[in-house]
Number of protein chains: 6
Amino acid sequence: MKVITFGEILLRLAAPGYTKLFQKDSLDSTFCGSEANVAVSLSIFGMDSSFVTKLPDNDVGYAAVNSMRYFGVDTSKIIYGNGRMGLYYLEKGASQRSSKVIYDREYSAISLAKRENFDWDKIFDGADWFHWTGINPALSDELALICEDACKAAKGMGLTVSCDLNYRGKLWSPKKARTVMEPFMKYVDICICNEEDAEKVLGIKAPDTDVESGELNNAGYVHTAEMIHSQYGCKFVAITLRKSFSASRNGWNAMLYDAEALESYFSREYNIQIVDRVGGGDSFAAGLIYAMMQKMECQDAIDFATAASCLKHTIEGDYNRTTVQDVQALLRSGGNGRVQR
Amino acid sequence: MKVITFGEILLRLAAPGYTKLFQKDSLDSTFCGSEANVAVSLSIFGMDSSFVTKLPDNDVGYAAVNSMRYFGVDTSKIIYGNGRMGLYYLEKGASQRSSKVIYDREYSAISLAKRENFDWDKIFDGADWFHWTGINPALSDELALICEDACKAAKGMGLTVSCDLNYRGKLWSPKKARTVMEPFMKYVDICICNEEDAEKVLGIKAPDTDVESGELNNAGYVHTAEMIHSQYGCKFVAITLRKSFSASRNGWNAMLYDAEALESYFSREYNIQIVDRVGGGDSFAAGLIYAMMQKMECQDAIDFATAASCLKHTIEGDYNRTTVQDVQALLRSGGNGRVQR
Amino acid sequence: MKVITFGEILLRLAAPGYTKLFQKDSLDSTFCGSEANVAVSLSIFGMDSSFVTKLPDNDVGYAAVNSMRYFGVDTSKIIYGNGRMGLYYLEKGASQRSSKVIYDREYSAISLAKRENFDWDKIFDGADWFHWTGINPALSDELALICEDACKAAKGMGLTVSCDLNYRGKLWSPKKARTVMEPFMKYVDICICNEEDAEKVLGIKAPDTDVESGELNNAGYVHTAEMIHSQYGCKFVAITLRKSFSASRNGWNAMLYDAEALESYFSREYNIQIVDRVGGGDSFAAGLIYAMMQKMECQDAIDFATAASCLKHTIEGDYNRTTVQDVQALLRSGGNGRVQR
Amino acid sequence: MKVITFGEILLRLAAPGYTKLFQKDSLDSTFCGSEANVAVSLSIFGMDSSFVTKLPDNDVGYAAVNSMRYFGVDTSKIIYGNGRMGLYYLEKGASQRSSKVIYDREYSAISLAKRENFDWDKIFDGADWFHWTGINPALSDELALICEDACKAAKGMGLTVSCDLNYRGKLWSPKKARTVMEPFMKYVDICICNEEDAEKVLGIKAPDTDVESGELNNAGYVHTAEMIHSQYGCKFVAITLRKSFSASRNGWNAMLYDAEALESYFSREYNIQIVDRVGGGDSFAAGLIYAMMQKMECQDAIDFATAASCLKHTIEGDYNRTTVQDVQALLRSGGNGRVQR
Amino acid sequence: MKVITFGEILLRLAAPGYTKLFQKDSLDSTFCGSEANVAVSLSIFGMDSSFVTKLPDNDVGYAAVNSMRYFGVDTSKIIYGNGRMGLYYLEKGASQRSSKVIYDREYSAISLAKRENFDWDKIFDGADWFHWTGINPALSDELALICEDACKAAKGMGLTVSCDLNYRGKLWSPKKARTVMEPFMKYVDICICNEEDAEKVLGIKAPDTDVESGELNNAGYVHTAEMIHSQYGCKFVAITLRKSFSASRNGWNAMLYDAEALESYFSREYNIQIVDRVGGGDSFAAGLIYAMMQKMECQDAIDFATAASCLKHTIEGDYNRTTVQDVQALLRSGGNGRVQR
Amino acid sequence: MKVITFGEILLRLAAPGYTKLFQKDSLDSTFCGSEANVAVSLSIFGMDSSFVTKLPDNDVGYAAVNSMRYFGVDTSKIIYGNGRMGLYYLEKGASQRSSKVIYDREYSAISLAKRENFDWDKIFDGADWFHWTGINPALSDELALICEDACKAAKGMGLTVSCDLNYRGKLWSPKKARTVMEPFMKYVDICICNEEDAEKVLGIKAPDTDVESGELNNAGYVHTAEMIHSQYGCKFVAITLRKSFSASRNGWNAMLYDAEALESYFSREYNIQIVDRVGGGDSFAAGLIYAMMQKMECQDAIDFATAASCLKHTIEGDYNRTTVQDVQALLRSGGNGRVQR
């Protein structure tokens, strides 16, 4: 099964451990990006995973490519050209102190990409699935058009299309997001989001939601999913539910809504002692895509995706270095963390 | 608003991470000291903060100065002379294992300082506030006299004087502490302490206090504050309340007593997953001084000071690398630790 | 009091911090091994502790020896010869992610040892206590015979013999373990195990035990101890009780059964925020051996042993760098983790 | 003596040790920039040194400021506004392998600065000296105008003006450089350059120069200096002479030409085992400015400047953490490197 | 152009920096192996490079694979099975102190490989070149047979065969080496060796050679090459010439003998300040194979190969992270190490 | 053969790599001290080596002891009591930049030792050799008396006494050194020094010596040795000869003068690329003591001692982690640094 992911790969410069930015005179440098994270996780799960982006033609760009080849991702469709490597500075939070992100992603190679850079018919040749996220069209108007091109081609060639709404308040406003994203939703078979995305990007808010507190009853989530289906026709809607007790501890579960069956499936909730929560949502998306490509039952799929992303929260870096076997072991053990020896 | 802080700056040699002392063959080297911590925090909060001490005239002393200039502290009033750099070894505890401190601060330059080294009229010229702590007079009898000189000059020049009692059992006995400190209390406008300080330095113990367990009811704290006011005339008494569940987790809140208004104000209690708790009390003092210099209402002041010191517990090193904006964000969010992006 | 410990010392190659194996390009290299851990802890407790093993005659072997001499262990009885240094790769788990161990201990020098390599009469000359574990006979059939030689000699010379059953599923099957170990139990005065060891090695299972969940009522543990005594004649049976809430948090307590007095003694339970749990069982064994060599009362002995091993869980590396004073401080404070200064 | 330096401060992201970029997953992060380097060195030498630039209003910008305050530089004249923090990636060379620099400094705050951002009359109030380099006007056309504004104001207010030509082939062409820089030379009292700068920026090439080999006879350097004086009127011309034997070993000396006295002064040549050569030229400029502000004789001045920059080559990072005492010690000892104890 | 390399990949555990083994408590962990090094270098040079080996089916084996995929090597032909990951401990020498290697490669998966594990017709399908080294047959008798199988298949399918004699005294004796290797030489088109290999493996010694001193005149090298050609029919013989002045400084050049043209070509000699010399010979082999696949003239080929391996000596780790552009830049500059900016 | 070494062990806090002190926020922490270095080296050479000192009774003191036990030194004669752990800060030089040492060793436990602390008859029981250095009596007047006590007891019990003059200008003046040391020289069988020690401590200066340049002809050294013998009766005089080309490169050789045979023996000179030169002289003393205890011929002894100390210069830390085998290998190879594999 071959899956194409399109989007950005960034350099992440993180303050070591729980130090403040520039408290130490080194930065942990890894590569990341919502879509790159999905592509890597799918490759680790054993899928034939290919990543499409545009990168600067220098050692920074090559290192980004190498970081994905390491996990077996096909990078042969990546193009090189003008623009810089987008990056962000990360300060990991602890307890009551929030993590801090400083973006420096303007003028990146991908944000300067042109429609003619991508020949989607060729890219999608032989592929089964196309994944993208709402971050791409937020980077430039041209990128929004490129996403539309890709979606059209994918649908035309019979691929399943999944999209993670992934709202980023530092990149665009809810109004702009909605204007751009709404027309694209008709191409999306599987819509992945959290309650904030649903509200900010699609304007769908369950009654009595309080985004800041992260509290929402199950009925509210089902309502949101139904609305997304009824308005845009998505066949499946997956919603992640994060309870942010502190920067060190989160509750995490998720729901999958099957529009055809009119059924909602909830995973168990994991109470997580966090190692690194960045990339948590992406690892969920990858887990869900894998599960659906494997034709798992809905309950199994949402359990798999949630367990995969639970494990991501315990792993340093954006990439979810978790195998199918690791996920299955967690599903079996329930997370008691016993040493195997 | 200009504030003068007088006291010691030490070299802190800490075992890396949660290792035991000398388990690894390097030591994390930062600078610290109860009063230096306050001066740094006040500078980060935007105050015109000046630090007064005596240091050895060598690269270790210069590095200490640089560590404060980094944060904008005015170090031009520091004097250099005989004596060594005081230091301490720190082993950070975890769970049931306590942190361990080994002092090596004897014969430090500041402990060998002479009264004639400091021209307080010149030092306090243009200043609004003077802060010192009970550690200084514990270092040498001469330093006690110097503290008295400073207090007298400060009062004479109309500065507000704050003092953190800061009892250290490894430096002096309760009896010596009380003999020395009691006569100085009349100069103190704002007395900062915890229940152990109050008992060991001033002999004031609320009924039914159990210092080891850290449990005390609110009435007990109010009683302690009232006693301090009635015996020494301090206008404000601030008491921090630490619940030590383990070396990794503490409860933390505080109370401010306004003697004129006869009112007590309690902050909320933070349940903290600790990164580094050394300097926690100093960060409270700095938060309180800032709040009072800003003429905050008492409830706002105690909330600000407690939130500032809560954040310190999540930061490596003694210095509280927290801005006013960070404190305000915590007061708004309540500490859910959500990433801002 | 002189104690001889016989067994293996291994090189432990651990991924740094909470990273996955080979995520970083260095490995933390320390020495370890169930029996080496006991010998080191006993030496730190002030016992005259001697370790017996066979090592490769190269710099890796010498470094292992040095790591024990550092703590004062007598290594003069160690022999050198053919075979490699056994090692294992360790990936430390966090939250729902389990720790992972990859053994690479085949063909180690000790596993290739011959009976004639060890002159037990000479080794035990002047000694009071002999400790070994069930890992040794699992390494080779010859090692099982060597253990038998040692047990016989020790009993003949009047030493107290303690054995930690220490079942390792990656080394042998329950069936093989039982066949080999049962005949040796008659030499054992003090049998140390957990409920899994008792079941896998001796086939003793309390009614209603669920090993995976780690839940067992106190009566079940007493029953297991009584069975071990009645079947093999051990005078004391100590059972550790781990509740694995997650890879980051464990409950930990233990029981000591005195067969002569027909009494069972339970320690308090520690709820531990884990730094490094490998070697936790060994630190318990060392604590118990020390306590019994010191002729502590049974309740004091099990309290000491459990507190010692509680502290081990907060220390990096297999060796329990905890002194008698540290254990006593924990017993006094109850584990509130307050800084002493 | 007060000196104003105007220019850029950048974030330098360097591969650790002698590794290739991204070979390790961390980058050493320090701040640098030709002009910032000069300002820091002058402050360490005891001058009243003030740095003027424009920075992004975020934690990266503040960290840059702190890195200069650490050394006592006055940063109160720095302005904050739109644009990012410029940065570059550095891979340190060794032996036959050259160091590699990848610039990512486009769209930096300083490059987007406007003329109206700077009130030069106010900035230069009370100052004695103004230093800038040829990198500034290479960053944007507006910056060239700003440099002109500054030069005019400085001359008008009677400051001495020094300029390091500092040609960077990755920023502009020789042709552009010459067009922009030539009109500014009339404001420059002290022109600092190497033979490549002289050729690329001013079109002045000594007969028989071979820039690549770095070989040039002394007469050639004198000729170049004379040409600069005769064409632009600079009172002093200082030329550094680097012999690049390999990335690990360089020969380094310099010449000072005194146009009034018609005399040339050559320093001794240092054969340097390089620790970090980036910032070598800037440390020479700072040494020369210091020496001239101290009214040293020409021979002493060129000796001081060359020794100061020799020491920079043995120090990690761009900043020359060398004191006047260090330079004097080298001038006395000749560089035998004996331990003082 | 597609090249198949067959051999071993090992885990290299190196003491950090210039420390002695186990002086620090971490080991730098990278992957290496004479043949893996060649495969990686060829992939970086842009060749279609595929590596064939047998690995343990665990996380250590997978990490080895990932380390090669990072550089684009095709690892799809690698098989997994019984046996461990071979490894060696490395202590890097300095000045008069030699580097030290402790092998722990017995019982590795590849050394336990069986002839039936490899289907050479399938492996070589579409390939142009086959490279192997004398280390393989030294690991086991079965591996010698496997090498023979591979050589026969390669020749039968028209591939060019290159072999690096790579004598290792810790793996086998000269006598055994010669017995095994001589019959295989007839399959070898390009024989790569140094003077020690030639003597120990083939018994060919130039008159007046002194292996220890590494001194040999050019005529001696030509003589050795002629002998190899005349005895075994190799079309090309490449000999590397290392002058070991100290562990920190080596002279390095090489010779290529073209048997058909009866011509010898010598590269220039590089005087190298060593960063890491392990893998130096392998980088030469890769450079030569690349050059010959690109049909370079003999002089260009030996220049390219020697420059490539010169650069390897300045790079940490066994893999030669050097591109064709890097080699060409060195050939142009001659190694003056000037920064490009 | 049993040797007793008496003196100080210090904590060495070194800036990492070639950074300036406090440039990084960690310090490499190892233990050292001229006499401790000798004791450790002798133990590694296989001697029965015992170290006598006084240490603070805390974790810093215990860590110092452990660092010596690691190498097998007998530490059972060490006493504990009042006073702190002496320490020094070290900044390693490079090229023209000298290493910098900042002592903080006042009030150390050993400097506060009393004569009655040491029972020399008991300490020397069964010993063959006593080694001390001129640093001890420089620390306190009482220590000078203690050294005299020790020397008298040693001579009375028939031990060979060696002394390294070890002049430290930061501890005492030449005048004081001479007054104290001269009376003790009569107890010294083997006097170890360099030309600076001879001049500063004993007032013996060869004609035409220039200490700063380190240049002295061989005749001058012989003259110095003869003078030491004739004035104080030492049977052997060993003089080390350091040529300090730079902080990175030293020439190093030595001479042994046999007073009875009236012969002088010179070692070869090593041209050393320095890794860490601190402890170089101590490693020479240990090598010489070992060689003489082994009854080597004078030429062999001076060759062994010089080779041993040559290797020390290539090893991080004060301790010479060099075995007899390592020294012999260097003597065989001459220092070409070839990898053994």
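Our subject is the structure that appears above.
Residues numbered from 1 in each chain as written. Chains lettered and ligands numbered in written order. Predicted model: local features only at pLDDT ≥ 70, side-chain atom pairs only at ≥ 80, totals over all residues. Heavy atoms only, no water.

Trainee: Looking at this structure, I do not really get the overall build of chain A. What am I missing?
Mentor: When its secondary structure is counted, chain A shows 11 helices and 15 strands. Taking 341 residues into account, the globule formula puts the C-alpha radius of gyration at 20 Å, and chain A, at 19 Å, falls close to it. With the C-alpha coordinates of chain A rotated into their principal frame, the extents come out at 50 × 45 × 45 Å. Considering chain A as a whole, with its 341 residues, one finds that 67% of them fall into the buried category. Residue pairs in contact within chain A that sit at least 24 positions apart in sequence constitute 70% of those at least 6 positions apart. Surface accessibility of chain A: about 11,000 Å² in total, with carbon and sulfur atoms responsible for 46%. (Helix = DSSP H or I, 4+ residues; strand = E, 2+ residues; numbered from the N terminus. Rg over C-alpha atoms; globule rule 2.2 N^0.38 Å. Buried < 20%, exposed > 50% of the residue type's maximum accessible area, 1.4 Å probe, protein only. Contact = heavy atoms within 4.5 Å. Areas by Shrake-Rupley, 256 points an atom, 1.4 Å probe, with all protein chains shown as cover.)

Trainee: Just checking my understanding: could you explain the relation of the copies chain C and chain A for this structure?
Mentor: These two copies of the chain differ by a rotation about an axis and a displacement along the same axis. Taken as rigid bodies, chain C and chain A are interconverted by a rotation of 120° and an axial shift of 0.0 Å, the fit giving an RMSD of 0.0 Å. Read as a symmetry element, the transformation amounts to a three-fold axis. For chain C, the residue whose C-alpha comes nearest the rotation axis is C:Gly17, separated from it by 5.5 Å. A distinct binding surface is used by each copy, with only 3% of the interface residues of chain C retained as interface residues in chain A. (Least-squares fit on C-alpha atoms with pLDDT ≥ 70 in both.)

Trainee: Please explain the packing of helix α10 (residues 298-312) of chain A against helix α11 (residues 324-333) of chain A as it appears in this structure.
Mentor: Relative placement of two packed helices is described by the angle separating their axes and the distance separating the axes. Residue and element names in this part refer to chain A. Their axes nearest at 9 Å, the elements α10 and α11 cross at an angle of 105°. Taken together, the axes of α10 and α11 are roughly perpendicular relative to one another. Each of Asp303, Phe304, Ala307, Ala308, Cys310 and Leu311 in α10 lies in contact with α11, whose residues at this interface are Val324, Asp326, Val327, Leu330 and Leu331. For the contact of α10 with α11, the residue count by class is nine nonpolar, no polar and two charged. (Axes fitted to C-alpha atoms, helices over the stretch in contact; angles between N-to-C directions. Parallel < 35°, antiparallel > 145°, perpendicular 65-115°, else oblique. Nonpolar A, V, L, I, M, F, W, Y, C, P; charged D, E, K, R; others polar.)

Trainee: Help me understand unusual backbone geometry, please; the structure alone is not making it clear to me.
Mentor: Of all residues except glycine, most have a negative phi; of all peptide bonds, most are trans. All names here are of chain B. Phi is positive for Asn166, close to 50°, though the residue is something other than glycine. Inspection of the secondary structure puts Asn166 in the loop between β10 (160-164) and α6 (174-181). Given the relative accessible area of 7%, Asn166 is considered buried.

Trainee: Help me understand the interface of chain C and chain A in this model?
Mentor: A common way to report how large an interface is uses the accessible area buried once the components associate. Taken together, the 30 residues of chain C in the interface contact 22 residues of chain A. Both faces considered, chain C and chain A share a buried interface measuring about 2,300 Å² in area, 47% of it formed by carbon and sulfur atoms. Among the residues of chain C in contact with chain A, C:Lys20, C:Gln23 and C:Gln96 are the three that bury the most area, contributing 26% of the side total. One can count two salt bridges joining chain C with chain A. Where A:Asp326 meets C:Lys100, a salt bridge forms, and the shortest distance between an N and an O atom there is 3.8 Å. Elements with a contribution of two residues or more to the side of chain C that touches chain A: β8 (100-104) and β12 (236-244) of chain C. Looking at which element gives the most residues to the side of chain C that touches chain A, the answer is β8(C), with three residues. Split into classes, the residues belonging to the side of chain C that touches chain A amount to nine nonpolar, 12 polar and nine charged. (Buried area = accessible area lost by both parts, 1.4 Å probe. Salt bridge = Lys/Arg side-chain N within 4 Å of Asp/Glu carboxyl O.)

Trainee: Just checking my understanding: could you explain helix α10 (residues 298-312) of chain E for this structure?
Mentor: At 3.6 residues per turn, the α-helix brings residues three or four places apart onto the same side. Residue and element names in this part refer to chain E. Given a rise of 1.5 Å per residue, 15 residues ought to cover 21 Å, and the 21 Å separating the end C-alpha atoms of α10 matches this to within 8%. In terms of burial, α10 is largely enclosed, as 12 of its 15 residues are buried. Buried within α10 are the following residues: Cys298, Ala301, Ile302, Phe304, Ala305, Thr306, Ala307, Ala308, Ser309, Cys310, Leu311 and Lys312. Contacts made by the buried residues of α10 are with β12 (236-244), β13 (249-258), β14 (263-266), β15 (270-273), α9 (280-293) and α11 (324-333). (Expected span 1.5 Å × (residues − 1).)

Trainee: Would you mind showing me how to read the packing of aromatic side chains here?
Mentor: Aromatic rings considered in pairs are described by the distance between their centres and by the relative angle of their planes. All chains considered together, the criterion is met by 102 aromatic pairs over all chains. Pairwise contacts between aromatic rings join A:Tyr70, A:Phe71, A:Tyr319, E:Tyr70, E:Phe71 and E:Tyr319 into one cluster. A cation over a ring is seen here: F:Lys92 above F:Tyr18, with NZ or CZ 5.6 Å from the ring centre. (Phe/Tyr/Trp six-rings, centres within 6.5 Å; stacked < 30°, edge-to-face > 60°. Lys NZ or Arg CZ within 6 Å of the ring centre and 35° of its normal.)

Trainee: What is the right way to look at the sheet that holds strand β3 (residues 26-32) of chain F in this model?
Mentor: Picture the strands of a sheet paired through backbone hydrogen bonds; they go either parallel or antiparallel. Strand order in the open sheet formed by eight strands is β8(B)-β7(B)-β2(B)-β3(B)-β3(F)-β2(F)-β7(F)-β8(F), with mixed pairing between adjacent strands. The sheet terminates laterally at β8 (100-104) of chain B together with β8 (100-104) of chain F, the two strands that pair on one side only. Looking at each pair of strands side by side, their axes are set apart by 30° on average, direction ignored. Bridge count for strand β2 (residues 10-14) of chain B against strand β7 (residues 87-91) of chain B is four bridges, and the pairing is parallel. Considered in β7(B), the bridge of B:Ala14 is made with B:Leu90. (Pairing = 2+ DSSP bridges.)

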